[in-house]
Structure formats: C-alpha cells, structure tokens
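Structural features, examined
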Amino acid sequence: MKIRHLGQDGRSIRIATPAKLNLFFELLGKRGDGFHEVETVMSTVSLFDDLQFSARDDGLLRLSIFQEGCTATESIPDDDRNLILKSMSRLRDRHGSKDLGCDVFLRKRIPSAAGLGGASGNAAGALLAANWIWKLGLTPEQLDSAAAEIGSDVPFFFHGGSCLCTGRGEVIESKNVPSGMAIVIAKPDTGLSTAAVYGKCSVPHQPKNSDAVLRELQMGRWNRVGENLFNRLEEFAMSMTPAIGKLKDTFDRLDCVGHQMSGSGSSYFGIFRNAADAHRAAKIATLETGSTIFACSTLGQEGTFRALVETG
Ligand SMILES: C[C@](O)(CO)[C@H](O)COP(=O)(O)OP(=O)(O)OC[C@H]1O[C@@H](n2ccc(N)nc2=O)[C@H](O)[C@@H]1O
Ligand SMILES: Nc1ncnc2c1ncn2[C@@H]1O[C@H](COP(=O)(O)OP(=O)(O)OP(=O)(O)O)[C@@H](O)[C@H]1O
C-alpha cells in the first residue's frame, strides 16, 4: 500500500490500496468452522484504489464512492456492508469512543467479485487509517487480529509484495521477491462470489505445494514462475461460468509465459517477458474479449502500512 499524503494535523490521510494476484493456490483441508485450510502465494500489483479519510467529531461514518473504469454492472455498497465502514466501526466500537467519525472518499478502480482482493485491500487501508486519524495506538498484532476477523485476505495487505499465506489465508510469511513482473489482467463482465466458488470445490487427496513457484519468484525468473502457476479453484470456477474457459483460450494465443485465474475468479491473468510484450497483449485482449483489461506489474514491499503503524 502507498500512503500518498498525511494531513498537517494528522486528522486526514490518503492511501492507495493495491490489487493482489494468487500465483499459487491449493486447498489443504476443510475446517470445522466452514473455512478451508489453504496454501497460497499472493503478490500485490500496480492496480490501485485510492482512499481518502478525514476525521469527524460527531460519530458519523460516511462513504462516497466514485467508480472509475469498473463495469457499470458492479455496484458497491456504501453502507455497513462495505468492508471500509465495517472495519472502521468495528475498531471504534472496540477501541474508541462513539463520537469518533470519518468522511471516506473511495476512488474505485479494482473490479469487485474478481479474485483481486479489492475489498480486502480497502479494509486493510481503513484499519490503518482509523488507527492513525483516531490516534487509537493499536499495535501491529491488534491490527492483524482485527484484519483477520474482517476477511481471510485482509492481513496480507499489511505486508504487500509477495507472501506465502497459510491457515485460512491469514498466516503471512513475507518473501524477498524482486518487483516488476509484467502482468495482464482480464476481468470478464461476469463476477464470481468467493463463498459460492468455495462451496463448489473439493479438497484433493494429494495437494500440490508452492515450493517451485516461490523459488522462481525469489530468483526473479519470471518465465519459470509462469511455468509453475497453479490455482486449484480454477476448475470449479470454470464449471460455474464459460467466461474463464474463454479467457484461457485467449491467453493461450497471446505470447505469455503462463496464465491462470486469480483467487476465486473471475479475473484471469497472464505473465509476460517484459512490459512492452504485456502492453501489446493488452491491446489484443481488449479487441478480442469483452473483458476489462489492465496491464500492470508486481510490487515489492516498499511503502507498506506496517511501516506507518510501527513508526506512528
Ligand atoms: C480466494 C481467496 O481470495 C484467495 O486469496 C481467499 O481465500 C478468499 O478470501 P476472502 O475473500 O477474504 O474470504 P472471506 O471473506 O474470509 O470468506 C468468504 C467465504 O469464503 C469461504 N472461505 C474463505 C477463505 C477460506 N480459507 N476458506 C473458505 O472456505 C467461506 O465460505 C467464507 O464464508
Ligand atoms: N470496499 C469494497 N470494495 C469492493 N467491494 C466491496 C467493498 N466492500 C464490500 N464489497 C462487496 O464485496 C464483494 C466482493 O469483494 P472483493 O472485490 O474483495 O471480492 P473478490 O474480488 O472476490 O476478492 P477476493 O480475492 O478477496 O475474494 C462484492 O459483493 C462487494 O459488493
């Protein structure tokens, strides 16, 4: 995440929260609480939502959303169902007083129901912003625990860069990975609900592991990363919408080193040798598919929120 601006008085903050891709995703087991044990490798990419927070003293929590480039069919709630307001009100109820309020402005670029973790990144940003503008003084551990309650993907966004994530996704191990792997993301009109895709899946008898993809990522050998991509959820998502299979065919024809669905879909992405190849492919994909196309690259860990909490 990038902190763009801290207000002079510490009562406002601007934050850019990135999208994530799952370069590896495997199901390890089904838990008693209805969640799955997973092993996933996630990387943040240079596709950002912008969030602006300004503290109020009257207990009102208000969210305005401007959707930029997201398809019109996606409507994002601006009430307590939005993970931004849910995260802030939860922190206020537990650690603050009822007169704490905030005006939040969200410029949304990351498509939702896409497997790109857009809402989860927003939630992580909101938790850190609340801690900052309301001067709650919460520790990284307290914030991690609040994040995991909001959603399995949320704690990852405190780290960013590339991480191995286990448990239900909330146990994070940061990896030292160079930035700049060139990516094209395609988001079809049809979205997929995370809960619905998990509801369709079954756990394999012999799960794969992420060793190979992690090794190649850390070496910066993008072509080998492409060869080792894996997402167990893809076969189940494919049975739910023809959009995934169509994108697979399109990426087969593009000159990329590997491609697959991200998370629970419906976004699909390819890895390219360099940014020029990615931009060329993005133009072709825009013409050939009805999908929204983004050319971007993977991020390193610079400018994460954790630094703000630890120094703030
Ligand atoms: C598919 C991924 O995006 C991959 O990174 C994540 O596993 C999903 O994480 P998320 O969107 O934060 O999901 P949550 O909000 O925690 O859970 C939504 C629903 O997905 C299912 N779910 C989620 C995570 C997990 N490890 N096992 C599950 O079975 C549960 O039915 C849950 O009710
Ligand atoms: N801040 C937010 N931004 C986008 N969607 C939100 C937000 N808060 C709540 N939502 C709701 O969350 C749902 C999808 O969220 P999100 O975009 O994280 O899913 P996803 O793309 O499947 O990501 P993930 O990889 O975490 O599963 C939508 O139903 C949307 O209405």
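The present account deals with the structure reproduced in this document. (Residues numbered from 1 in each chain as written. Chains lettered and ligands numbered in written order. Predicted model: local features only at pLDDT ≥ 70, side-chain atom pairs only at ≥ 80, totals over all residues. Heavy atoms only, no water.)

To continue, consider the site of ligand 1. Residues in close proximity to ligand 1 total 16 residues, the closest being His 36, Ser 152, Asp 153, Arg 168 and Tyr 198. In this structure, Arg 168 approaches ligand 1 through a main-chain N or O atom, which is 2.9 Å from a nitrogen atom. Protein chains shield 81% of the accessible area of ligand 1, which is 640 Å² for the free molecule. Listing elements by their share of the shell around ligand 1, those giving two or more residues are strand 2 (12-30), strand 3 (36-56) and helix 5 (194-200). Among the residues making up the shell around ligand 1, the classes are represented as six nonpolar, seven polar and three charged. Taken domain by domain, the shell around ligand 1 gets at least three of its residues from each of domain 1 (2-174) and domain 2 (177-297). (Near = heavy atom within 4 Å. Polar contact = N/O pair within 3.5 Å; in protein donor to acceptor, adjacent residues only side chain to side chain. Areas by Shrake-Rupley, 256 points an atom, 1.4 Å probe, with all protein chains shown as cover. Helix = DSSP H or I, 4+ residues; strand = E, 2+ residues; numbered from the N terminus. Nonpolar A, V, L, I, M, F, W, Y, C, P; charged D, E, K, R; others polar. Domains from an automatic or database assignment.)

Our focus in this paragraph is the nonpolar core. The biggest cluster of nonpolar side chains holds 39 residues, and the ones touching the most others in it are Phe 53, Ile 84, Met 88, Val 104 and Trp 134. The greatest single-element share of this core, amounting to eight residues, is contributed by helix 2 (residues 118-133). Ignoring sequence-local partners within four residues, the contact set of Ile 84 consists of Leu 51, Phe 53, Leu 63, Val 104, Leu 106, Asn 122 and Ala 126. Counting residues in hydrophobic clusters, the runner-up holds 27 residues, among them Ala 114, Val 225, Phe 230 and Val 257. (Core = buried A, V, L, I, M, F, W, Y, C linked by side-chain atoms within 4.5 Å. Buried < 20%, exposed > 50% of the residue type's maximum accessible area, 1.4 Å probe, protein only. Contact = heavy atoms within 4.5 Å.)

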